[in-house]
Amino acid sequence: TQLLEQSPQFLSIQEGENLTVYCNSSSVFSSLQWYRQEPGEGPVLLVTVVTGGEVKKLKRLTFQFGDARKDSSLHITAAQPGDTGLYLCAVDTGRRALTFGSGTRLQVQP
Amino acid sequence: NAGVTQTPKFQVLKTGQSMTLQCAQDMNHNSMYWYRQDPGMGLRLIYYSASEGTTDKGEVPNGYNVSRLNKREFSLRLESAAPSQTSVYFCASSVGLAGGGETQYFGPGTRLLVL
């Protein structure tokens with residue numbers, strides 16, 4: 001069983017649609033990060049959430065940290081082809097490095 | 001600034017061969033990391049270095065060794081490559097160790113195929 005479960009694993013949508021992806025765990029975390037990875041490149045940090053219930057917005061992307069700090073969601077409004085990529089959540093488990101989920105692979109068709 | 005650079009970009013090895021993956025960062029970061037990424041498994045930590053002169057094992061260290069050559073450079077060595085080590089390898093760096101939302105900056109990756 002993985003520490004972080006991300007769903008769905010794959011998502012293919014049309015440009016302009018809305019979507020939500022999830023990162024769930026049974027453990028409590030002090031903070032959670034979302035990264036986006038484009039094909040052939042390394043992950044790039046999108047946002048860090050640290051407070052239960054926190055909501056952060058990055059243009060058309062809305063990130064929420066669960067009240068109990070066990071889960072998080074990423075909502076994309078009016079998806080664009082440029083949003084295509086692998087979305088990874090990651091947490092610090094106190095072992096001095098990040099633990100990543102397996103990711104949601106998003107494909108936005110023009 | 002180049003950020004985090006990795007060489008080579010691609011490599012094909014035969015079982016039993018050895019090789020060293022190179023990583024360098026120009027952001028004056030203290031901490032550096034090596035991850036491997038396999039389909040459906042996200043990124044898994046192989047080794048990390050909290051600061052120059054120190055290294056520690058991560059989740060999947062078997063079959064690998066590392067050297068923190070100086071503050072800028074952190075290399076990963078496969079002494080006797082095995083097909084199970086076929087993967088994409090990422091180096092990353094951060095100002096300090098994970099915790100409190102420390103940002104990690106990743107290199108472009110090295111794609112390794114072991115036949």
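In case you missed it, the structure is sitting above this.
Predicted model only: the values in this text are computed from it and were never measured.

(A) Structural context of unusual backbone geometry. Along the chain, S7 of chain A connects to P8 of chain A via a cis peptide bond; the corresponding omega equals -10°. Relative to the assigned elements, P8 of chain A resides in the loop between β1 (5–7) and β2 (10–14). The omega angle of the peptide bond from T7 of chain B to P8 of chain B is -5°, so this bond is cis rather than trans. With respect to the helices, strands and loops of the structure, P8 of chain B is situated in the loop between β1 (4–7) and β2 (10–13). Here the phi dihedral of K59 of chain A falls at roughly 55°; this positive angle occurs in a residue that is not glycine. Checked against the element boundaries, K59 of chain A lands in the loop between β6 (55–58) and β7 (61–65). Here A78 of chain A, not a glycine, exhibits a phi torsion of approximately 50°, which is positive. Mapped onto the fold, A78 of chain A is located in the loop between β8 (71–76) and β9 (85–92).

(B) How the structure looks around the sheet that holds β8 of chain A. Residue and element names in this part refer to chain A. Taken in spatial order, the five strands line up as β1-β3-β8-β7-β6 in an open sheet, and their pairing is antiparallel. What marks the edges here is a single partner per strand, and that holds for β1 and β6. Between one strand axis and the next, the sheet turns by 15° as a mean value, whatever way the strands run. As paired strands, β7 and β8 are joined by five bridges and run antiparallel to one another. When the bridges of β8 are listed, F63 appears paired with L74.

(C) Structural context of the pattern of salt bridges. All names here are of chain B. Scanning the entire structure with this criterion turns up five salt bridges over all chains. One salt bridge in this structure joins R36 and D38, with 3.0 Å as the shortest N-O distance. D38 carries the same exposure label as R36, and that label is buried. Among the ionic pairs, E79 bridges to R77, the shortest N-O distance being 3.2 Å. Classification of R77 by relative accessible area gives partly exposed; the value is 29%.

(D) Expanded view of the side chain of Q85 of chain B. All names here are of chain B. Summarising the element assignment, Q85 is placed in the loop between β8 (74–78) and β9 (87–94). The exposure class of Q85 is buried, given its relative accessible area of 4%. Here the side chain of Q85 touches G63 through a polar contact of 3.2 Å, landing on its backbone oxygen. Setting aside its immediate chain neighbours within four residues, Q85 contacts R36, N62, G63, Y64, L78, S80, L112 and V114.

(E) Broad picture of the nonpolar core. Ranked by size, the top nonpolar core spans 22 residues in total, and within it L32, W34, L74 and I76 of chain A carry the most contacts. Looking at this core, the elements with two or more residues in it are β3 (19–24), β4 (32–37), β5 (44–49), β7, β8, β9 and β11 (104–109) of chain A. Listed in part, the 20 residues of the second largest apolar core include V4, L13, V66 and V114 of chain B.

(F) Looking closely at the sheet that holds β8 of chain B. All names here are of chain B. Across the sheet, which stays open at both edges, the four strands sit in the order β1-β3-β8-β7 with antiparallel pairing between neighbours. Looking at strand neighbours, the two that pair on one side only are β1 and β7 (64–68), the edges of this open sheet. Averaged over all adjacent pairs, the angle separating strand axes in this sheet is 20°, with direction ignored. Relative to strand β3 (residues 19–25), β1 is paired through four bridges, and the arrangement is antiparallel. By the bridge assignment, T7 is partnered in β3 with Q22.

(G) Examining the state of the cysteines more closely. According to the stated counting rule, one finds two disulfides over all chains in the structure shown. Two residues, C23 of chain A and C89 of chain A, share a disulfide whose sulfurs are 2.0 Å apart. For the disulfide bridge between C23 of chain A and C89 of chain A, the dihedral angle about the S-S bond is near 75°, and by the sign convention the bridge is right-handed. In this pair, C23 of chain A is assigned in strand β3 and C89 of chain A in strand β9, connecting sequence segments 66 residues apart. Of the two residues, C23 of chain A and C89 of chain A, both sit in the buried class. For C23 of chain B, the disulfide goes to C91 of chain B, at an S-S distance of 1.9 Å. Since a negative S-S torsion denotes a left-handed disulfide, the C23 of chain B-C91 of chain B link at about -70° is left-handed. Placement of C23 of chain B in strand β3 and of C91 of chain B in strand β9 is noted, with a sequence separation of 68 residues between them.

Criteria and thresholds
- Residues numbered from 1 in each chain as written.
- Chains lettered and ligands numbered in written order.
- Predicted model: local features only at pLDDT ≥ 70, side-chain atom pairs only at ≥ 80, totals over all residues.
- Heavy atoms only, no water.
- Helix = DSSP H or I, 4+ residues; strand = E, 2+ residues; numbered from the N terminus.
- Pairing = 2+ DSSP bridges.
- Axes fitted to C-alpha atoms, helices over the stretch in contact; angles between N-to-C directions.
- Salt bridge = Lys/Arg side-chain N within 4 Å of Asp/Glu carboxyl O.
- Buried < 20%, exposed > 50% of the residue type's maximum accessible area, 1.4 Å probe, protein only.
- Polar contact = N/O pair within 3.5 Å; in protein donor to acceptor, adjacent residues only side chain to side chain.
- Contact = heavy atoms within 4.5 Å.
- Core = buried A, V, L, I, M, F, W, Y, C linked by side-chain atoms within 4.5 Å.
- Disulfide = S-S within 2.5 Å.

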